[in-house]
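The primary structure of each chain is shown beneath.
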Amino acid sequence: MATSKPRIFGLSLVIAGLLSPAHIVTAETLPSQPLLNTVSSQFVEDAVQQQKAEMWVNEIAGDISVIRYINKLAQIYRDIGYTPLWQDTRAADEFERQLMVLSHANVSSDFSSRYSLLKHFKLSNDWRQYDLLATDTLLAYMSYVETVPEFGRGWFFGAGVDPDLPLPSEMQQSLLNSAIETDRLNFFVAALKPADERYNQITEAITQLEQTAASQYWPGFYQSGIIRYGARLANPERLITILENLGDLPSYQADQLRADQVKKYNVELVEAVKSFQERHGLKVDGVIGPKTRYWLSTAPKERIRVLALNAQRMRLWPAEHPSLLVVNIPDFGMSLWLDNEHVLNSKVIVGRPSRRTPLMTSSISSVVFNPYWNVPISIMRKDILPKAQYDRGYLYRNDFRVIRSWTSNEQIPIHTIDWRIVNSKSFPYRLRQKPGNKNALGKFKFNIPNDNSIYLHDTPTKSLFNKETRAFSSGCVRVEHADELAMILLNHSGVSEERVNQLKARANTKTVGLSNRVKVHVIYQTAWVDGQGEVHFRDDIYRYDQFGRMSQKEEKLTNNFNE
């Protein structure tokens, strides 16, 4: 655990200076016989040297309130003879870069304070305090990296990082000691960042955005109303500059538009806005409406924060794609890799903000052809029973059956129920929808074992995939290309295309287990860099990018489910 710093007054120590005997435990000041006889001379010497080291640490630390691991710092600097640890500028620069990203993410006031202090000590050439703080911060950072798998789904989705991190594990401390002894601190520090090239791409995007914001004028965009091709622009320079700064409008075009003193929303600007819209997951029509205006007005500081936050989320997602299906909730998209080859992209529909799709890890265990839909109790009470009470023919028209219980398949005739006195909260039966064109699950269901009864499935309502924002479900994930997904997964498990087509042609329900299960990761990434180096942003539909106290319900929805 962290050790609080004792107060020491009147000490004046240099890096390897002597200490006043009055402050040091020695053999003479220890209790006399018979207790002294039981204490080895080595133990006494170790205690003396450790106390000297702790006093040295406290003297250098001064009033740096964030210094936390006094005992461990004393041990480290004692072992290296009180010499600077961060003499390798490569290690220091790499560590500062990682701290910079974490600081920008705004998930930890502690790490942000540490990063600011390190920059201050560096600028003021106070290298002793820099060195000590950097080492203490490294210990905290090691603990942070080590515990992200356990706590990251709270930290990065509204809760923020716990400031009272314990010391890293004994194993991690041993690895650090080894790196110091072999002069490989640079490699040790580099290994603390996510093993994912996408992390490096995001950090590069942050650096470029910082440089642009520092060197270029960055206006806001506030023109109201719907702006279409040919419309007069209240301030063309603002729009030109924003699009140029973000890379959607080449500089030579921006210069030409300025030289021409363009006053209207012309073809060049429309095309630049289309590029901008594509990178922000908006409808690519070149029309500047409320959503496009919002993103045009987003300040670089906020963009950097969102990029940095999503860089930390990379620590939770898989870095490689041997055989993996990834659903990114705010992107409303799904990607499938098999044997390290990308084989399918598909639009998806996810849970609405009031019924969120949870973040989770599982695997696809089976594919169901022509599935029944056993309606979840919450959906039955909130959605279907009120419709059945209002419209007595609703259940008949949509092929619902009333079933006695979850342990019985006995059907209750719908006409025998007095819907005038039905109470949704105390309805004693369950509902099931038979397979067919009206079935809410469509023609395919993909079972993924998890604690939230979430699965992937087809849908008869294909028109919703044309929507820009696709958060309409009650939590499950609807897949636009469910038929292709079924064929690919079953082929991967040795089921022939001919057999799959036979099952598709039949009307009966059939569950086919997968011998080659594919991992499923449902993630939440609101910013990333694609394979072409383009930076993408998405709307924070569940407000996970906003930090405050998480409710227990929100925490449950971001908890990882392991098989």
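See the structure above.
Below or above, wherever it landed, is the structure these notes cover.

Procedures and definitions
- Residues numbered from 1 in each chain as written.
- Predicted model: local features only at pLDDT ≥ 70, side-chain atom pairs only at ≥ 80, totals over all residues.
- Heavy atoms only, no water.
- Buried < 20%, exposed > 50% of the residue type's maximum accessible area, 1.4 Å probe, protein only.
- Helix = DSSP H or I, 4+ residues; strand = E, 2+ residues; numbered from the N terminus.
- Contact = heavy atoms within 4.5 Å.
- Axes fitted to C-alpha atoms, helices over the stretch in contact; angles between N-to-C directions.
- Parallel < 35°, antiparallel > 145°, perpendicular 65-115°, else oblique.
- Left-handed = near helix turned anticlockwise from the far one by under 90°.
- Nonpolar A, V, L, I, M, F, W, Y, C, P; charged D, E, K, R; others polar.

Counting buried positions along helix α9 (residues 236-245) yields eight of ten residues, so the element is predominantly enclosed. Among all positions of α9, only P236, L239, I240, T241, I242, L243, E244 and N245 are buried. On its buried side, α9 packs onto α8 (197-215), α10 (251-259), α11 (267-279) and α12 (290-296). In the segment just after α9, G247 is the residue with positive phi, at about 90°.

Another aspect to go through is the packing of helix α2 (residues 70-79) against helix α6 (residues 170-181). Look at α2 against α6: their axes get within 11 Å of each other, and the N-to-C directions meet at 25°. Comparing their axes, α6 and α2 come out roughly parallel. The interaxial crossing formed by α2 with α6 has right-handed handedness. Residues K72, Q75 and I76 of α2 pack against Q173, L176, N177 and I180 of α6. Among the residues forming the contact of α2 with α6, the class breakdown is three nonpolar, three polar and one charged.

The next subject is the packing of helix α5 (residues 127-159) against α6. Contact geometry for α5 and α6: axes closest at 11 Å, N-to-C directions at 130°. Between α5 and α6, the interaxial angle falls into the category oblique. Of the two possible hands of crossing, α5 and α6 adopt the one that is right-handed. For the pair formed by α5 and α6, the contact residues are L138, L139, M142 and E146 on the first element and Q172, Q173 and L176 on the second.

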